[in-house]
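Fold and geometry: a report
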Amino acid sequence: AQLIYARHDAALELSAPRSTRQAHLQRRARTTLAALPLASVPQATRTHAPVEMAQRVGFLGLGVMGKQMAKRLLDAGTDVVVWNRTAAKCDELVAAGATALATPAEVV
């Protein structure tokens, strides 16, 4: 699982930025956090303890983008649940370890 380290003196520690937009957002987060007085930062944020990301992700619709995102999350070990109007589109992801649900309400 990917971990995010939250500290009062640095932004969220993520993997290397993949785009200039992501690099900009990381720099902006560092600047924003650095500008906060320590007293205004919640105690949970001040620690160096890792905070785990959500371990279950649901996808409604497995078009070109949704299917690829779900595959990457499955490869990373995330629990993925899926629903698609055409149930056959879920088969490839179910074979890779996803759970197909019957209705969109079950996914969310």
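Everything numeric in this text was worked out from a predicted model, so none of it was measured.

1. Looking at the overall build of the protein chain
Along the protein chain, the regular secondary structure elements total five helices and five strands. Element order for the protein chain, N to C, with α for helix and β for strand: β-α-α-β-β-α-β-α-β-α. Partitioning the contacts of the protein chain with sequence separation of at least 6, the portion at a separation of at least 24 is 37%. With the model as given, the accessible surface of the protein chain reaches about 7,500 Å², and the carbon-plus-sulfur share is 58%.

2. What about the pairing of strand E3 (residues 56-60)?
Here E3 runs beside strand E4 (residues 79-83); their pairing, made up of five bridges, is parallel. Residue pairing for E4: Leu60 is matched across the bridge by Trp83. After leaving E3, the chain enters helix H3 (residues 64-75) and then returns to the sheet as E4, a path that is right-handed.

3. Details of the sheet that holds E4
A sheet is described by the order of its strands in space; here three strands give the open sequence E3-E4-E5, paired in parallel fashion. Edge positions in the open sheet fall to E3 and strand E5 (99-100), since each of these has one partner strand only. Sheet strands touched by H3: E3 and E4. Its angle to E3, the strand with the most contacts, is close to 165°.

4. Overview of the confidence of the model for the protein chain
Of the residues in the protein chain, 57% reach a pLDDT of 70 or more, and the chain-wide mean stands at 75. When pLDDT is averaged over each helix and strand of the protein chain, the minimum, 46, is found for strand E1 (residues 3-5) and the maximum, 96, for E5. Considering only residues more than four positions removed or in separate chains, one finds that residues 1-14, a stretch of pLDDT under 50, has 42 contacts.

5. Points about the environment of Lys67
Inspection of the secondary structure assignment puts Lys67 in helix H3. Considered as a pair, Lys67 and Val82 are 15 residues apart in the sequence and their alpha carbons are 9.4 Å apart. Contacts of Lys67, omitting those with residues within four sequence positions, involve Leu62, Lys89, Glu92 and Leu93.

Parameters and conventions
Residues numbered from 1 in each chain as written. Predicted model: local features only at pLDDT ≥ 70, side-chain atom pairs only at ≥ 80, totals over all residues. Heavy atoms only, no water. Helix = DSSP H or I, 4+ residues; strand = E, 2+ residues; numbered from the N terminus. Contact = heavy atoms within 4.5 Å. Areas by Shrake-Rupley, 256 points an atom, 1.4 Å probe, with all protein chains shown as cover. Pairing = 2+ DSSP bridges. Right-handed = clockwise from strand over helix to strand, strands pointing away. Axes fitted to C-alpha atoms, helices over the stretch in contact; angles between N-to-C directions. pLDDT = per-residue confidence, 0-100.

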